[in-house]
Amino acid sequence: MYRVRLFAIRHSRSFEWLYRRLEAFMIACDPLFGRIGYDRVEPFVAVVERVTKGLLFDCRMCGQCALSSTGMSCPMNCPKQLRNGPCGGVRPGGYCEVIPEMRCVWTLAWQGASRMRDGDRIRNVLPPVDRSLQGSSSWLRVSREKAAALRESREAGRTVIAQAFPKARANEPATAPLADEPARAKTAGSRR
Ligand code: SF4
(Lines give C-alpha, C1' and ligand atoms only; values in the text may rest on other atoms or scores of the structure.)
Protein backbone atom coordinates (compact mmCIF):
# COMPACT_ATOMS: atom_id res chain seq x y z
CA MET A 1 0.00 0.00 0.00
CA TYR A 2 2.94 2.28 -0.67
CA ARG A 3 0.88 4.53 -2.98
CA VAL A 4 -1.82 5.04 -0.36
CA ARG A 5 0.91 5.94 2.13
CA LEU A 6 2.22 8.60 -0.26
CA PHE A 7 -1.34 9.86 -0.80
CA ALA A 8 -1.84 10.23 2.97
CA ILE A 9 1.38 12.24 3.26
CA ARG A 10 0.35 14.47 0.36
CA HIS A 11 -2.94 15.12 2.18
CA SER A 12 -1.45 15.33 5.65
CA ARG A 13 -3.38 18.48 6.49
CA SER A 14 -6.73 16.78 5.87
CA PHE A 15 -5.66 13.78 7.90
CA GLU A 16 -4.49 16.09 10.70
CA TRP A 17 -8.00 17.60 10.74
CA LEU A 18 -9.57 14.12 10.76
CA TYR A 19 -7.31 13.05 13.61
CA ARG A 20 -8.41 16.04 15.69
CA ARG A 21 -12.06 15.17 15.15
CA LEU A 22 -11.43 11.53 15.99
CA GLU A 23 -9.58 12.47 19.16
CA ALA A 24 -12.42 14.78 20.26
CA PHE A 25 -14.90 11.95 19.63
CA MET A 26 -12.83 9.44 21.59
CA ILE A 27 -12.48 11.88 24.51
CA ALA A 28 -16.27 12.44 24.45
CA CYS A 29 -16.71 8.66 24.67
CA ASP A 30 -14.61 8.51 27.86
CA PRO A 31 -17.62 8.18 30.23
CA LEU A 32 -19.03 5.37 28.07
CA PHE A 33 -15.68 3.60 27.77
CA GLY A 34 -15.21 3.98 31.52
CA ARG A 35 -18.58 2.31 32.15
CA ILE A 36 -17.90 -0.56 29.73
CA GLY A 37 -14.33 -0.88 30.92
CA TYR A 38 -11.30 0.27 28.90
CA ASP A 39 -9.87 -3.25 28.95
CA ARG A 40 -12.98 -4.56 27.20
CA VAL A 41 -13.01 -1.73 24.64
CA GLU A 42 -9.30 -2.07 23.83
CA PRO A 43 -9.41 -5.16 21.55
CA PHE A 44 -12.22 -3.71 19.43
CA VAL A 45 -10.59 -0.28 19.01
CA ALA A 46 -7.21 -1.91 18.36
CA VAL A 47 -8.65 -3.92 15.45
CA VAL A 48 -10.29 -0.82 13.93
CA GLU A 49 -7.06 1.14 14.38
CA ARG A 50 -4.93 -1.65 12.90
CA VAL A 51 -7.09 -2.00 9.79
CA THR A 52 -7.59 1.74 9.18
CA LYS A 53 -4.02 2.84 9.79
CA GLY A 54 -2.63 -0.25 8.09
CA LEU A 55 -4.46 0.68 4.90
CA LEU A 56 -3.65 4.38 5.03
CA PHE A 57 -0.19 4.61 6.57
CA ASP A 58 1.27 1.06 6.51
CA CYS A 59 0.97 1.28 10.29
CA ARG A 60 2.89 -1.34 12.32
CA MET A 61 0.85 -0.83 15.52
CA CYS A 62 3.81 0.20 17.64
CA GLY A 63 1.30 1.54 20.18
CA GLN A 64 3.01 4.94 20.29
CA CYS A 65 1.61 6.61 17.22
CA ALA A 66 3.71 9.55 16.06
CA LEU A 67 1.88 10.33 12.81
CA SER A 68 0.69 13.75 14.01
CA SER A 69 4.32 14.70 14.64
CA THR A 70 5.78 13.14 11.52
CA GLY A 71 3.73 14.59 8.68
CA MET A 72 1.59 11.41 8.60
CA SER A 73 4.66 9.41 7.54
CA CYS A 74 4.99 6.42 9.88
CA PRO A 75 8.58 6.22 11.21
CA MET A 76 8.14 2.48 11.81
CA ASN A 77 8.38 2.04 8.03
CA CYS A 78 12.00 3.16 8.21
CA PRO A 79 14.06 -0.06 7.98
CA LYS A 80 16.16 1.23 10.90
CA GLN A 81 13.00 2.39 12.71
CA LEU A 82 14.53 5.77 13.47
CA ARG A 83 12.18 8.03 15.42
CA ASN A 84 14.02 11.34 15.22
CA GLY A 85 15.07 12.16 11.71
CA PRO A 86 16.87 10.40 8.89
CA CYS A 87 20.06 8.37 9.02
CA GLY A 88 23.13 9.55 7.16
CA GLY A 89 22.50 7.29 4.18
CA VAL A 90 19.61 9.01 2.40
CA ARG A 91 20.17 8.62 -1.35
CA PRO A 92 20.00 11.42 -3.93
CA GLY A 93 16.38 12.33 -4.61
CA GLY A 94 15.45 11.44 -1.03
CA TYR A 95 15.46 7.64 -1.44
CA CYS A 96 16.15 5.14 1.32
CA GLU A 97 19.61 3.73 1.86
CA VAL A 98 18.29 0.24 2.69
CA ILE A 99 15.33 0.05 0.28
CA PRO A 100 16.45 2.13 -2.72
CA GLU A 101 13.04 2.07 -4.45
CA MET A 102 11.33 3.60 -1.38
CA ARG A 103 11.39 7.28 -0.50
CA CYS A 104 13.08 7.88 2.86
CA VAL A 105 10.38 7.96 5.52
CA TRP A 106 11.92 11.10 7.00
CA THR A 107 12.17 13.12 3.79
CA LEU A 108 8.46 12.37 3.34
CA ALA A 109 7.81 13.26 6.98
CA TRP A 110 9.26 16.75 6.47
CA GLN A 111 7.17 17.23 3.34
CA GLY A 112 4.03 16.09 5.13
CA ALA A 113 4.76 18.24 8.20
CA SER A 114 5.26 21.32 6.02
CA ARG A 115 1.61 21.02 4.94
CA MET A 116 0.21 20.60 8.44
CA ARG A 117 -1.09 23.28 10.78
CA ASP A 118 0.97 21.89 13.66
CA GLY A 119 3.83 20.86 11.42
CA ASP A 120 6.40 22.25 13.86
CA ARG A 121 5.74 19.27 16.09
CA ILE A 122 8.22 17.40 13.90
CA ARG A 123 10.95 19.33 15.75
CA ASN A 124 10.02 17.72 19.07
CA VAL A 125 12.24 14.86 20.11
CA LEU A 126 10.29 11.59 20.29
CA PRO A 127 10.99 9.02 22.99
CA PRO A 128 12.40 5.63 22.02
CA VAL A 129 9.86 2.97 21.10
CA ASP A 130 8.43 1.15 24.10
CA ARG A 131 8.08 -2.42 22.81
CA SER A 132 5.69 -3.33 25.61
CA LEU A 133 3.02 -1.21 23.88
CA GLN A 134 3.32 -3.10 20.58
CA GLY A 135 -0.13 -4.07 19.26
CA SER A 136 -2.06 -1.87 21.69
CA SER A 137 -4.35 0.97 20.62
CA SER A 138 -2.59 4.29 20.58
CA TRP A 139 -5.87 6.09 19.92
CA LEU A 140 -7.45 4.70 23.07
CA ARG A 141 -4.45 5.30 25.32
CA VAL A 142 -3.96 8.91 24.20
CA SER A 143 -7.66 9.82 24.40
CA ARG A 144 -7.92 8.15 27.82
CA GLU A 145 -4.94 10.15 29.10
CA LYS A 146 -6.35 13.40 27.70
CA ALA A 147 -9.80 12.72 29.14
CA ALA A 148 -8.25 12.05 32.56
CA ALA A 149 -6.21 15.29 32.35
CA LEU A 150 -9.39 17.21 31.43
CA ARG A 151 -11.26 15.73 34.39
CA GLU A 152 -8.42 16.68 36.72
CA SER A 153 -8.25 20.27 35.45
CA ARG A 154 -12.06 20.63 35.80
CA GLU A 155 -11.84 19.25 39.33
CA ALA A 156 -9.01 21.65 40.17
CA GLY A 157 -11.11 24.56 38.83
CA ARG A 158 -14.06 23.55 41.03
CA THR A 159 -11.80 23.34 44.07
CA VAL A 160 -10.47 26.86 43.47
CA ILE A 161 -14.04 28.22 43.27
CA ALA A 162 -15.11 26.23 46.33
CA GLN A 163 -12.19 27.59 48.33
CA ALA A 164 -13.05 31.16 47.33
CA PHE A 165 -16.41 31.14 49.18
CA PRO A 166 -15.14 31.18 52.79
CA LYS A 167 -12.57 33.84 51.85
CA ALA A 168 -15.23 36.00 50.19
CA ARG A 169 -17.49 35.64 53.24
CA ALA A 170 -14.67 36.65 55.55
CA ASN A 171 -13.90 39.74 53.46
CA GLU A 172 -17.42 40.83 52.73
CA PRO A 173 -20.29 38.64 54.08
CA ALA A 174 -22.83 40.18 51.67
CA THR A 175 -21.04 38.84 48.58
CA ALA A 176 -20.96 35.12 49.32
CA PRO A 177 -24.70 34.34 49.66
CA LEU A 178 -25.29 35.39 46.05
CA ALA A 179 -24.55 31.86 44.93
CA ASP A 180 -25.11 28.40 46.35
CA GLU A 181 -22.13 27.43 48.37
CA PRO A 182 -20.67 24.06 47.36
CA ALA A 183 -20.63 21.49 50.17
CA ARG A 184 -16.87 21.32 49.87
CA ALA A 185 -16.57 25.02 50.69
CA LYS A 186 -18.66 24.55 53.82
CA THR A 187 -16.34 21.78 54.95
CA ALA A 188 -13.32 23.95 54.14
CA GLY A 189 -14.87 26.81 56.10
CA SER A 190 -15.66 24.68 59.15
CA ARG A 191 -12.08 23.44 59.31
CA ARG A 192 -10.80 26.97 59.83
S1 SF4 B 1 17.21 6.44 4.44
FE2 SF4 B 1 15.49 7.13 5.68
S3 SF4 B 1 14.02 5.40 5.63
FE4 SF4 B 1 16.00 4.61 4.92
S5 SF4 B 1 16.99 3.78 6.72
FE6 SF4 B 1 17.72 5.88 6.54
S7 SF4 B 1 16.26 7.10 7.77
FE8 SF4 B 1 15.33 5.10 7.45
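Conventions used here
- Residues take numbers from 1 onward in each chain, read along the sequence in its written order.
- This being a predicted model, a pLDDT of at least 70 is required before a residue's local features are given, and a value of 80 or more before pairs of side-chain atoms are given or counted; all residues contribute to the totals for chains, interfaces and linings.
- To get the side-chain values, all heavy atoms of the structure are used, and hydrogens and water are removed first.
- It suffices for a single heavy atom of a residue to lie within 4 Å of a molecule or strand for the residue to be listed as near it.
- Side-chain classes follow a simple rule in which Ala, Val, Leu, Ile, Met, Phe, Trp, Tyr, Cys and Pro form the nonpolar group, Asp, Glu, Lys and Arg form the charged group, and the remainder, Gly included, forms the polar group.
- Strands are runs of DSSP state E lasting at least 2 residues, helices are runs of H or I lasting at least 4, and numbering of each runs from the N terminus.
- Relative accessibility under 20% of the residue-type maximum defines a buried residue, over 50% an exposed one, and the middle range a partly exposed one, all with a 1.4 Å probe and only protein chains included.
- Only heavy atoms matter for contacts: two residues are in contact if any of them lie within 4.5 Å across the pair.
- To obtain each axis, a line is fitted to C-alpha atoms, and for helices this fit is confined to the stretch in contact; angles are then taken between N-to-C directions over 0 to 180 degrees.
- Each angle gets one of four labels, with under 35 degrees taken as roughly parallel, over 145 as roughly antiparallel, 65 to 115 as roughly perpendicular, and the rest as oblique.
- For this analysis, a ring pair means two rings from Phe, Tyr or Trp (six-membered ring only for Trp) whose centres lie within 6.5 Å, classed as stacked if their planes differ by under 30 degrees, edge-to-face if by over 60, and tilted for the remaining angles.
- Here a polar contact means two N or O atoms within 3.5 Å. Within protein one must be a hydrogen donor candidate and the other an acceptor candidate, and residues neighboring in sequence count only if both atoms are side-chain atoms.
- We define a nonpolar core as any set of buried Ala, Val, Leu, Ile, Met, Phe, Trp, Tyr and Cys residues linked to one another through side-chain atoms lying within 4.5 Å.

**Describing the site of the ligand**
Alright, step 1. The environment of the ligand is formed by Cys-78, Pro-79, Lys-80, Leu-82, Pro-86, Cys-87, Val-90, Cys-96, Glu-97, Val-98, Cys-104 and Val-105.
Alright, step 2. When grouped by side-chain class, the residues that make up the shell around the ligand number ten nonpolar, no polar and two charged.

**Some words on the environment of Leu-82**
Alright, step 1. One can find Leu-82 in the loop between α4 (38-57) and α5 (105-115).
Alright, step 2. Residue classification places Leu-82 among the partly exposed positions, given a relative accessible area of 25%.
Alright, step 3. Sequence separation between Leu-82 and Val-105 is 23 residues, and the spatial gap between their C-alpha atoms is 9.2 Å.
Alright, step 4. Apart from residues lying up to four places away in sequence, Leu-82 is in contact with Pro-75, Cys-87 and Trp-106.

**Examining the packing of helix α2 (residues 12-28) against α4**
Alright, step 1. Contact pair α2 / α4: the axes reach a minimum separation of 15 Å and the direction vectors enclose 175 degrees. Taken as axis vectors, α2 and α4 run roughly antiparallel relative to one another. Where α2 abuts α4, its residues Phe-15, Tyr-19 and Met-26 lie against Val-45, Lys-53, Leu-56 and Phe-57.
Alright, step 2. The residue inventory of the contact of α2 with α4, partitioned by class, reads six nonpolar, no polar and one charged.

**Regarding the packing of aromatic side chains**
Alright, step 1. Under the defined criterion, the tally for this structure stands at four aromatic pairs.
Alright, step 2. The interplanar angle of 75 degrees and the centroid separation of 5.5 Å between the aromatic rings of Phe-15 and Phe-57 together place this pair among those described as edge-to-face. Placement of Phe-15 in helix α2 and of Phe-57 in helix α4 is noted, with a sequence separation of 42 residues between them.
Alright, step 3. Judged by its relative accessible area of 1%, Phe-57 falls in the buried class.
Alright, step 4. A ring pair is formed by Tyr-19 and Phe-57, whose centres lie 6.4 Å apart and whose planes are at 75 degrees; its orientation type is edge-to-face. Of this pair, Tyr-19 sits in helix α2 while Phe-57 is found in helix α4, placing the two residues 38 residues apart along the sequence.
Alright, step 5. With relative accessibility at 15%, the residue Tyr-19 sits in the buried group.
Alright, step 6. Here the aromatic residues Phe-15, Tyr-19, Phe-57 and Trp-139 are joined through ring pairs into a cluster of three or more.

**Some details on the side chain of Lys-53**
Alright, step 1. Of note, Lys-53 is situated in helix α4.
Alright, step 2. Only 2.8 Å separates the side chain of Lys-53 from the side chain of Glu-49, close enough to count as a polar contact.
Alright, step 3. Leaving out residues up to four positions away in the same chain, Lys-53 has contacts with Tyr-19, Asp-58, Cys-59, Cys-65, Leu-67, Ser-138 and Trp-139.

**Considerations on the nonpolar core**
Alright, step 1. Within the largest apolar cluster, 19 residues are counted, with the highest numbers of intra-cluster contacts made by Phe-33, Phe-57, Met-72 and Leu-140.
Alright, step 2. Listing elements by their share of this core, those giving two or more residues are α2, α4 and α6 (138-171).
Alright, step 3. Residue contacts for Phe-33: discarding those within four places in its chain leaves Met-26, Tyr-38, Val-41 and Leu-140.
Alright, step 4. Listed in part, the nine residues of the second largest apolar core include Cys-96, Met-102, Cys-104 and Ala-113.

This is a description of form; function is not addressed.
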